[in-house]
Amino acid sequence: MDVYVISPLSNLEPMKLGNRIFVLAHLWVQSPEYRAFILDRKEEGYWITLDNSAAERALVTEDILIEICRELMPDEVIAPDVLFDMRQTMQNARKFRDRMDEEGLLGTIDIFFCPQGSSKQDWLTAYKWGLQQDWINVIGFSKIAVPNAFLENYTDDQGIKEARHMAYDYLKEQDLLTKPIHCLGQGDPTEFAYYDHPAMRSTDSVYPVFAASLGQDFSIDHTTRTPTPHNFLETFDMSNVNLELVQSNVAFLFNQATKTEWKN
């Protein structure tokens with residue numbers, strides 16, 4: 001699996017430790033420095049994923065997302081989704097597909113769909129719908145939506161590994177891993193060593209950086225998952241963070257994400 005690293009605005013350099021770049025739409029709008037950093041990475045040839053910032057509870061409209069697509073021309077964009085709302089998420093994706101077509105962007109920028117649902121059945125309905133749409137190229141395993149759907153008692157940023165393993169096992173057993181999967185966010189980084197199907201493409205997370213800011217070394221403790229503050233990327237000062245620990249945590253994540261050989 002490939003890895004995207006996310007880092008606060010105060011120091012974006014850790015993002016270069018990943019082999020892909022994850023762009024948050026609300027930060028693109030807010031920060032000229034962020035835009036310049038991302039454009040430099042695009043010039044260097046990184047694969048760019050544009051996120052709609054739904055998980056960050058940012059109010060990024062379809063118009064803004066389309067405008068960023070025009071400016072950045074990412075490799076893929078996550079269609080607007082609504083947390084836990086299957087029907088609205090599917091409607092939004094259809095509408096976004098049509099808008100991309102009108103703007104001449106469909107077929108140039110891939111569309112990434114993040115299934116939502118208030119229950120396991122709703123989430124699976126959205127997931128299967130995503131498989132059926134030939135214009136959807138990638139499907140996301142949200143660190144919020146999947147635990148909410150598969151665990152009896154969902155708590156913010158907890159049970160991510162366990163819930164996504166449950167989803168993965170079910171989909172693999174039903175032969176439903178037929179499009180590339182990206183794992184949005186991270187809990188225990190050892191989650192990724194479990195995946196042995198080639199559909200499991202990539203993962204992104206700020207947690208290797210946030211954990212380092214707390215002094216958490218994944219080589220010693222990879223199970224503790226402190227919930228990430230919603231304003232961490234915008235407001236946290238990275239000046240006192242041990243960057244060697246950031247690098248170590250990212251290396252641990254890479255090791256987990258690449259240690260399993262794919263099985264047919």
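Residues numbered from 1 in each chain as written. Predicted model: local features only at pLDDT ≥ 70, side-chain atom pairs only at ≥ 80, totals over all residues. Heavy atoms only, no water.

1. A word on the pattern of salt bridges
Our working rule: Salt bridge, as used here, is a side-chain nitrogen of Lys or Arg placed within 4 Å of a carboxyl oxygen of Asp or Glu. The helix count covers DSSP runs of H or I at least four residues long, the strand count covers runs of E at least two residues long, and both are numbered beginning at the N terminus. With a 1.4 Å probe rolled over the protein chains alone, any residue whose accessible area is under 20% of its type maximum counts as buried; one over 50% counts as exposed, and the rest are partly exposed.
All told, the structure shown has 17 salt bridges when counted by the stated rule. Two residues, Glu62 and Arg99, come together in a salt bridge whose shortest N-O distance is 3.1 Å. In this pair, Glu62 sits in helix H3 (residues 62-72) while Arg99 sits in helix H4 (residues 86-102), placing the two residues 37 residues apart along the sequence. Each of the two residues, Glu62 as well as Arg99, counts as buried. When the shortest N-O distance is used, the salt bridge between Arg70 and Glu103 registers 2.7 Å. Of the two residues, Arg70 sits in helix H3 while Glu103 sits in the loop between H4 and strand S5 (110-113), which places them 33 residues apart along the sequence. Given the relative accessible area of 28%, Glu103 is considered partly exposed. Residues participating in the shared-partner salt-bridge network are Glu62, Asp63, Glu67, Arg70, Lys95, Arg99 and Glu103.

2. A look at the sheet that holds strand S2 (residues 21-24)
To keep it simple, the criterion reads: DSSP calls a pair of strands paired once it identifies at least 2 bridges connecting them. Here the axes come from fitting lines to C-alpha atoms, over the contacting stretch only for helices, and the angles between their N-to-C directions go from 0 to 180 degrees. The contact criterion used is simple: two residues touch if any of their non-hydrogen atoms lie within 4.5 Å.
Spatial ordering of the open sheet is given by S1-S8-S7-S6-S5-S4-S3-S2, a layout of 8 strands whose pairing is parallel. Strands with a single pairing partner mark the edges of an open sheet, and in this sheet they are strand S1 (2-5) and S2. Adjacent strand axes in the sheet meet at a mean angle of 25°, parallel and antiparallel pairs treated alike. Sheet contacts for helix H2 (residues 32-43): S2 and strand S3 (48-51); angle to S2, the most-contacted strand, approximately 150°. Sheet contacts for helix H7 (residues 160-173): strand S6 (136-142), strand S7 (181-184) and strand S8 (200-205); angle to S6, the most-contacted strand, approximately 140°.

3. A few points about the nonpolar core
Filter applied, for reference: By convention a nonpolar core is built from buried Ala, Val, Leu, Ile, Met, Phe, Trp, Tyr and Cys residues, the set being connected through side-chain atoms within 4.5 Å.
Within the largest apolar cluster, 84 residues are counted, with the highest numbers of intra-cluster contacts made by Val23, Ile38, Met100, Trp123, Tyr127 and Phe141. If we skip the residues at most four places from it in the chain, Phe141 touches Trp123, Tyr127, Val146, Arg164, Ala167, Tyr168, Leu171, Ile181, His182, Cys183, Leu184 and Met200.

4. Topic: unusual backbone geometry
If you check the backbone angles, Phe84 has positive phi at about 70° while not being a glycine. Mapped onto the elements of the fold, Phe84 is located in the loop between strand S4 (76-78) and H4. Although it is not a glycine, Asp175 sits at a positive phi angle of roughly 55°. Counting through the fold element by element, Asp175 comes out in the loop between H7 and S7.

5. What to know about H7
Stated formally: Helix span is expected to be 1.5 Å times the residue number reduced by one.
The end-to-end C-alpha distance of H7, which contains 14 residues, comes to 20 Å, matching closely the 20 Å that a straight helix rising 1.5 Å per residue would cover. All of the buried residues in H7 are Ile160, Ala163, Arg164, His165, Ala167, Tyr168 and Leu171. Next to the buried residues of H7 lie helix H5 (120-132), S6, helix H6 (145-150), S7 and S8. Where H7 terminates, the next one or two residues include Asp175, which has phi positive at roughly 55°.

6. Some details on the state of the cysteines
Throughout this description, disulfide means a covalent bond between two cysteine sulfur atoms. Condition: In plain terms, two cysteine sulfur atoms within 2.5 Å form what is called a disulfide here.
Inspection of every chain in the model, using the stated rule, returns 0 disulfides. With no disulfide of its own, Cys114 lies 11 Å from the sulfur of Cys183, the closest cysteine sulfur.

7. Things to note about the side chain of Gln216
Applied cut-off: Polar contacts, as used here, are pairs of N or O atoms within 3.5 Å; protein pairs need one atom able to donate a hydrogen and one able to accept it. Residues neighboring in sequence count only if both atoms are side-chain atoms.
Checked against the element boundaries, Gln216 lands in the loop between helix H8 (207-213) and helix H9 (232-235). Exposure remark for Gln216: the relative accessible area of 9% places this residue in the buried category. Here Tyr207 takes part through its side chain, which lies 2.8 Å from a polar atom of the side chain of Gln216. A polar side-chain atom of Gln216 sits 3.0 Å from the main-chain carbonyl oxygen of Asp221. If we ignore the near neighbours within four places in the chain, the residues touching Gln216 are Tyr207, Ala211, Asp221, His222, Thr224, Leu245 and Asn249.

8. Some remarks on the environment of Asp196
Examined against the element boundaries, Asp196 turns out to sit in the loop between S7 and S8. By relative accessible area, which is 11% here, Asp196 ends up buried. Each C-alpha atom of the pair Asp196 and Gly107 lies 29 Å from the other, and the pair is 89 residues apart in sequence. In terms of polar contacts, Asp196 uses its side chain to reach the side chain of Tyr168, at 2.5 Å. Side chain to side chain, Asp196 and Lys172 meet in a polar contact 2.7 Å long.

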